[in-house]
Amino acid sequence: MLHLSLSGLADESGWQSAGVELPQFDIGQMVRNTEENPQWIHFGLGQIFRAFVANCQQKLLDTGKADTGIVAVVPHDMESIDKIYKPHDQLTLLVQMNANGDFQKKVVASIAEVLGADPQREQDDRRLAEIFEHPGLQMVSFTITEKGYSLTGADGEYLDSVRKDMANGPERPEHLMSKIASLAYRRYLAGAYPLTFVSMDNCSHNGDKLMSSIVTIAKEWAEKGWVEPNFLTYLEDESRVAFPLTMIDKITPRPSEKIKHQLEQLGIAGMDMIGGGGRSFNAPFVNAESSGYLVIEDKFAGGRPPLEEAGVIFTDRDTVIKVETMKVTTCLNPLHTALAVTGCLLGYSLIADEMKDDTLRRLVEKIGYDEGLPVVVDPGILNPRAFLDTVLQERFPNPFIPDTPQRIAADTSQKVGIRFGETIKSYRDRKDLDPAELTGIPLAIAAWCRYLLGVDDEGKPMRISPDPLLEMLQKHLSGTTLGAKTSSVRGILEEERLFGVRLYEVGLGEKIEGLFHEMLEGPGAVRRTLEKYLKKGVNPVQ
Ligand SMILES: NC(=O)c1ccc[n+]([C@@H]2O[C@H](COP(=O)([O-])OP(=O)(O)OC[C@H]3O[C@@H](n4cnc5c(N)ncnc54)[C@H](O)[C@@H]3O)[C@@H](O)[C@H]2O)c1
Ligand SMILES: O=P(O)(O)OC[C@@H](O)[C@@H](O)[C@H](O)[C@H](O)CO
């Protein structure tokens, strides 16, 4: 049997026979170098980080362009440290799946150390402080999901943890953003060394969002006298602390049982995963599509790894904004969200299968080609039409990518504003376009509201993916059942915080309500409504 551990890698010929590429560098030396000279620390040890970001650093290590690894920090779910990362010596087995069925398998060994951001783990806490005080630290990156940056809850008020952190100062903060502000303060006190914070999450203007959360907390602390006023000057001086924008793209589903089984058949032991019912899913392996883009605004204080040598694109701020807007608001993520909520309602568990459903394919073609492309700005480095063609014709239909609508449906409340709201705003602001003419986007929003009932299109109970605003959203629909003629869905649609735009003022509120009520008519009504309006030339009643 093959074991994914430092000692297990000694069986080179065994791994070779299983078709697995091994690291081309001295892992022990890399770990020692990182211990002495940590340069890169990453928060959020999830799928995308292990499948993409860690692999970029691996490419630099393999080619001798870097000699340190990444220190990775787990913000939640500490059990993954003891159950997954430590037993496998921080190694990950990366499986990348081409549409032709070719799987590329490699061991990623660029994570030098794993820490938990939990005050109970005192040793890790001390190490975190030591790393942030180290003059050579260059980069702090994040993949912590959109909600990880949010300081406020459903009611728009600060979360309890944030309120406590603001009152109690930087000593033992709870919320991750306060923790980062506190660690930045340690760095300031140690010598105000330069540093770059890089958000790699799918939120618009992600670097600005990260900066805003950290600065908001720092300002409260400065006002209460917990930190020196000059700490704020340091944070806001981009020659000393930078927050570049990024766009990251690689479909990286949760670990799949099918892939686990295939790895076991190759003789690789111990591939069991943890999670499933809870918030995170982890396994010693990660599975992802082969293609991927990471575009970063080239604004770094105090240097950075030469990641362009690993395929990362560094460019100016305007280009990142355009490329991110293209991917997150028109050409990929809105289509994913539309497939997520409709797929759950219609009983799908694989995105590739949904792409074989003529109605669902037409829904995403409508949203992408007819509604998104007219307002997208060409970023110059990736052609929107070509990108969309690849998404709809190759990436989503790839039957080997084990991606599920249930994964993508998680946290939809955090995403509808960016994924649909931005296009609606563009239609509102353009003289030649009218948001009320949209069809695919209102159908997707109506389907999301219908999804929130937790009843599928056959009328059976359906499990809803986690969402931080679920309770509030479902409260609006508490009296609504399948077959009802009226509902209080308006309460959701009126929430400008969700959509970033007033749906009723742009002529979409009533339209979405109407679609929602059609989808509510009884079993099969979701499909009937989609089919009705996705016929060529049909537009829902205004
Ligand atoms: N998976 C993909 O296909 C993909 C592709 C591009 C971008 N992304 C971005 O990366 C994010 C993470 O995706 P993933 O697949 O790695 O998810 P994941 O569930 O595997 O990992 C998420 C990580 O975020 C942490 N986290 C969750 N909620 C948090 C919170 N409130 N505060 C702090 N940390 C929190 C978890 O502990 C975990 O380490 C996505 O939300 C998206 O913005 C994902
Ligand atoms: O990760 P989220 O929750 O922001 O969105 C779910 C998916 O749409 C997303 O993970 C995509 O797979 C990814 O953005 C592709 O690059």
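Residues numbered from 1 in each chain as written. Chains lettered and ligands numbered in written order. Predicted model: local features only at pLDDT ≥ 70, side-chain atom pairs only at ≥ 80, totals over all residues. Heavy atoms only, no water.

(A) Summary view of the overall build of the chain. In terms of helices and strands, the chain carries 23 helices and 17 strands. Considered along the principal axes of its C-alpha atoms, the chain spans approximately 65 × 60 × 45 Å. The 542 residues of the chain split such that 58% are buried. Of all intrachain contacts in the chain linking residues separated by at least 6 positions in sequence, the fraction that spans at least 24 positions is 75%. Total accessible area on the chain stands at roughly 21300 Å², and carbon and sulfur atoms take up 47% of it. Mean positive and mean negative side-chain charge positions of the chain (59 and 78 charges, respectively) differ by 3 Å. (Helix = DSSP H or I, 4+ residues; strand = E, 2+ residues; numbered from the N terminus. Buried < 20%, exposed > 50% of the residue type's maximum accessible area, 1.4 Å probe, protein only. Contact = heavy atoms within 4.5 Å. Areas by Shrake-Rupley, 256 points an atom, 1.4 Å probe, with all protein chains shown as cover. Lys, Arg positive; Asp, Glu negative; His and termini not counted. Charge placed at Lys NZ, Arg CZ, Asp CG, Glu CD.)

(B) Geometry of the UniProt feature "domain: Mannitol dehydrogenase C-terminal" (unreviewed entry) in the chain. The residues that UniProt annotates with the feature "domain: Mannitol dehydrogenase C-terminal" (unreviewed entry) are residues 324-504. The distance from the first to the last C-alpha atom of residues 324-504 is 27 Å, and the span holds 54% helix and 0% strand. (UniProt positions renumbered as here; feature names shortened; annotations may be inferred.)

(C) Summary view of the environment of Val312. If you trace the backbone, Val312 turns up in the loop between β16 (293-297) and β17 (313-315). A relative accessible area of 4% means that Val312 is categorised as buried. Linking Val312 and Asp125, residues 187 residues apart in sequence, is a C-alpha distance of 31 Å.

(D) Quick look at helix α8 (residues 206-223). Over its 18 residues, α8 extends 26 Å from the first C-alpha to the last, a length consistent with the 26 Å expected when each residue adds 1.5 Å. Every buried residue of α8 is listed here: Asn206, Gly207, Leu210, Ser213, Ile214, Val215, Ile217, Ala218 and Trp221. Along its buried surface, α8 packs onto β8 (139-142), α6 (160-168), α7 (176-191), β9 (195-199), α9 (230-235) and β11 (246-249). Where α8 terminates, the next one or two residues include Gly225, which has phi positive at roughly 80°. (Expected span 1.5 Å × (residues − 1).)

(E) Focus on the domain arrangement of the chain. Looking at the assigned domains, one finds that the chain contains domain 1 (2-315) and domain 2 (317-533). The C-alpha-based centres of domain 1 and domain 2 are spaced at 30 Å. Summing the contributions of domain 1 and of domain 2, the shared interface buries around 3100 Å²; its carbon and sulfur component is 61%. Linking domain 1 with domain 2 are six salt bridges. (Domains from an automatic or database assignment. Buried area = accessible area lost by both parts, 1.4 Å probe. Salt bridge = Lys/Arg side-chain N within 4 Å of Asp/Glu carboxyl O.)

(F) Structural context of the side chain of Glu495. Tracing the sequence through the fold places Glu495 in the loop between α20 (490-493) and α21 (496-499). Filtering out sequence-adjacent residues up to four positions away, Glu495 remains in contact with Met472 and His476.

(G) View of the site of ligand 1. In the neighbourhood of ligand 1, 22 residues make up the surrounding shell, with Gln47, Ile48, Asp201, Asn202 and Thr252 lying closest. One of the backbone nitrogen or oxygen atoms of Ile48 is found 3.0 Å away from an oxygen atom of ligand 1. Look at ligand 1: alone it shows 830 Å² of surface, and the protein chains cover 86% of it. Taken together, the residues of the shell around ligand 1 sort by class into seven nonpolar, nine polar and six charged. (Near = heavy atom within 4 Å. Polar contact = N/O pair within 3.5 Å; in protein donor to acceptor, adjacent residues only side chain to side chain. Nonpolar A, V, L, I, M, F, W, Y, C, P; charged D, E, K, R; others polar.)

(H) Broad picture of the site of ligand 2. Lining the immediate surroundings of ligand 2 are 14 residues, of which Glu146, Asp249, Lys327, His336 and Lys415 lie closest. Asp249 is positioned with one of its side-chain polar atoms (N or O) 2.5 Å from an oxygen atom of ligand 2. With respect to ligand 2, the side chain of Arg407 contributes an N or O atom lying 2.9 Å from an oxygen atom. Contact with the protein chains hides 86% of the accessible area of ligand 2, taken as 400 Å² for the molecule alone. Its residues placed into classes, the shell around ligand 2 shows four nonpolar, three polar and seven charged. Inspection of the shell around ligand 2 shows a minimum of three residues originating in each of domain 1 (2-315) and domain 2 (317-533).

(I) Quick look at the sheet that holds strand β4 (residues 70-74). The six strands lie next to each other as β7-β4-β3-β8-β9-β10, forming an open sheet whose pairing is parallel. Edge strands, defined here as strands with exactly one partner in the open sheet, are β7 (111-116) and β10 (241-242). In the sheet, β8 pairs with β9 via four bridges, with the strands oriented parallel. Residue pairing for β9: Val140 is matched across the bridge by Phe197. Contacting β8 and β9, α8 runs over the sheet at an angle of about 120° to β9. (Pairing = 2+ DSSP bridges. Axes fitted to C-alpha atoms, helices over the stretch in contact; angles between N-to-C directions.)

(J) Geometry of the pairing of β16. Within β16, four of the five residues are buried, which leaves the element mostly enclosed by the surrounding structure. Pairing analysis gives four bridges linking β11 to β16, with the strands arranged antiparallel. Its bridge partner being in β16, Thr246 is matched across the sheet by Ile296. As paired elements, β16 and β17 share three bridges and run parallel to each other. Its bridge partner lying in β17, Val295 is registered against Ile313.

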